[in-house]
Amino acid sequence: MTDSAVADTGGGAGAGAPRGLDLDRLAAYLGARRPELAAAPLRARLIAGGKSNLTYLLRSGGHEVVLRRPPLGHVLATAHDMAREHRIISALAPTAVPVPEALLFCPDTDVIGAPFYLMEKVDGEVFRGRSQTDPLTDGQRRDLATAMMDTLAALHAVEPASVGLADFGRPEGFLGRQVRRWAGQLDQSRSRPLPGVDELRDALAGSVPEGGANAGRIVHGDYRLDNLLATVGTGPTAPGPVSVRAVLDWEMATLGDPLADLGLLLTYWSVLGDSDAAVGNPIADGLGPRAGFPSGAELIDRYAGRSDVDVGPLHWHIALGCFKLAVICEGIHYRHTLGQTLGGGFDRIGELVAPLVEHGLRAVREK
């Protein structure tokens with residue numbers, strides 16, 4: 001798992017361990033359950049980029065693994081579920097969806113202060129911003145977007161019951177519950193006036209599409225380019241192949257309507273991808289057509305050609321994506337004001353809320 005990092009320490013909590021980890025307690029816990037991962041000194045690095053759950057690279061002897069835990073403080077109800085993440089990557093391991101191998105789940109909050117799980121370290125790059133994607137060729141950017149959509153189609157093709165996930169969610173009424181859930185999350189994160197957000201919530205609640213043949217698929221819940229680990233090959237005479245090595249950040253996965261994944265992806269791609277507020281912003285650095293990638297319409301065409309999902313009109317789902325992402329950004333902004341975020345760039349995330357609400361209102365009114 002190749003990414004930038006903001007902390008790297010050796011030793012226990014008293015030796016300057018990254019916030020959110022007690023390395024002494026963690027080493028003792030692993031020593032009893034996975035001793036091969038507990039060789040001294042245990043070192044930890046907070047991987048930058050994640051704006052919700054925290055991700056650390058652990059080094060122990062000759063082993064490197066990844067630890068995931070919830071954020072510090074202000075954890076919203078039903079969010080940041082480590083058991084859920086661990087369960088779904090375990091279930092998807094034998095499928096065509098690339099996921100890291102799940103190694104261990106710990107529900108005991110006494111170890112590091114929150115539940116956590118370990119997964120394998122996967123080599124690859126998380127493409128978060130234009131500083132990474134501008135050096136790519138036009139063909140590589142197209143191939144990267146194509147691989148992203150093919151991987152999403154592969155996920156939505158998995159039959160939940162075939163991998164032990166028949167009870168992973170309640171598809172009936174999924175979209176209506178999504179509106180209510182994110183409205184509730186918004187109420188827990190309000191710390192400033194948010195013009196238009198209540199109007200968007202009410203418009204979505206009053207126009208929920210009827211459930212159809214798409215219901216009951218596995219939904220990632222936050223599918224986007226920077227939640228993928230990918231490799232872009234190089235060659236002596238021509239660019240090498242592009243591949244998705246792993247899909248990450250499954251904390252909001254459930255069973256529901258796959259159009260929710262498409263709507264949110266287009267929110268990142270076409271809404272924030274064309275917003276000046278997203279340029280240089282750590283949650284969405286303007287990746288999309290303006291950065292030399294295919295258009296949102298081309299992404300949907302690629303997906304539709306490899307999926308039996310009826311994509312239909314997506315304007316309502318884009319409006320839901322705008323509302324959901326606005327609430328997520330507001331929650332991160334709120335945690336930042338409380339001093340409960342790790343890493344840089346959090347001071348700008350609140351800037352994304354207003355343009356998301358504005359676009360969501362336009363989308364939900366579309367006929």
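Before reading further, recall that the structure is shown in the block above.
Given the structure is predicted, the values throughout are model-derived calculations rather than measurements.

Peer 1: I keep staring at the side chain of Arg 68 and nothing clicks. Help me out?
Peer 2: Structurally, Arg 68 can be placed in strand 4 (residues 63-69). Within polar-contact distance, the side chain of Arg 68 engages the side chain of Asp 249 at 3.1 Å. Excluding anything up to four places from it in sequence, Arg 68 contacts Asn 53, Leu 54, Thr 55, Met 82, Glu 85, Pro 115, Phe 116, Tyr 117, Met 119, Asp 249 and Glu 251.

Peer 1: Would you mind showing me how to read the layout of surface pockets here?
Peer 2: A probe matching the size of a water molecule, rolled over the atoms, marks out where space remains unfilled. In this structure, the second largest pocket spans a volume of roughly 240 Å³. Lining the second largest pocket we find 16 residues, and of these Glu 210, Asn 214, Asp 257, Leu 259 and Asp 310 sit closest to its centre. When the residues that make up the lining of the second largest pocket are grouped by side-chain class, the tally is seven nonpolar, six polar and three charged.

Peer 1: Got a minute to help me understand the pattern of salt bridges in this structure?
Peer 2: Pairing of side chains with opposite charge becomes possible as their charged atoms draw close. Under the definition given, this model contains 23 salt bridges. A salt bridge links Arg 59 to Glu 64; the nearest nitrogen and oxygen atoms lie 2.7 Å apart. The class for Glu 64 is partly exposed, based on a relative accessible area of 32%. The salt bridge involving Glu 358 is made with Arg 362; its shortest N-O contact spans 3.3 Å. Here Glu 358 pairs with Arg 362, and both are found in helix 11 (residues 353-364), just four residues apart, close to one helical turn. For Arg 362, a relative accessible area of 47% corresponds to the partly exposed category. Shared partners join several salt bridges into a network, and the residues in it are Asp 187, Arg 190, Asp 198, Arg 201 and Asp 202.

Peer 1: Whenever I open this one, helix 2 (residues 82-92) confuses me. Can you help?
Peer 2: Inspection of helix 2 places Met 82, Glu 85, His 86, Ile 88, Ile 89, Ala 91 and Leu 92 among the buried residues, and these make up the whole buried set. Contacts made by the buried residues of helix 2 are with strand 4, strand 5 (102-106), strand 6 (116-120), helix 5 (138-157) and strand 7 (217-219). In this structure Asp 81 caps helix 2, since a side-chain oxygen of it lies 3.1 Å from the backbone nitrogen of Ala 83.

Peer 1: I'm lost on helix 10 (residues 315-337) in this one. Help?
Peer 2: Given 3.6 residues per turn, any residue in an α-helix points the same way as the ones three and four places further on. Helix length check: helix 10, at 23 residues, gives a terminal C-alpha distance of 33 Å against a target of 33 Å (1.5 Å per residue), a fit within 8%. The element helix 10 is extensively covered by neighbouring structure, given that 19 of its 23 residues are classed as buried. In the segment just after helix 10, Gly 339 is the residue with positive phi, at about 75°.

Criteria and thresholds
- Residues numbered from 1 in each chain as written.
- Predicted model: local features only at pLDDT ≥ 70, side-chain atom pairs only at ≥ 80, totals over all residues.
- Heavy atoms only, no water.
- Helix = DSSP H or I, 4+ residues; strand = E, 2+ residues; numbered from the N terminus.
- Polar contact = N/O pair within 3.5 Å; in protein donor to acceptor, adjacent residues only side chain to side chain.
- Contact = heavy atoms within 4.5 Å.
- 1 Å grid on protein atoms, 1.4 Å probe; cavity = no way out; pocket = protein on both sides within 12 Å on 5 of 7 lines; lining within 4 Å.
- Points joined across faces, edges and corners; volume = space filled by probe spheres on them.
- Nonpolar A, V, L, I, M, F, W, Y, C, P; charged D, E, K, R; others polar.
- Salt bridge = Lys/Arg side-chain N within 4 Å of Asp/Glu carboxyl O.
- Buried < 20%, exposed > 50% of the residue type's maximum accessible area, 1.4 Å probe, protein only.
- Expected span 1.5 Å × (residues − 1).

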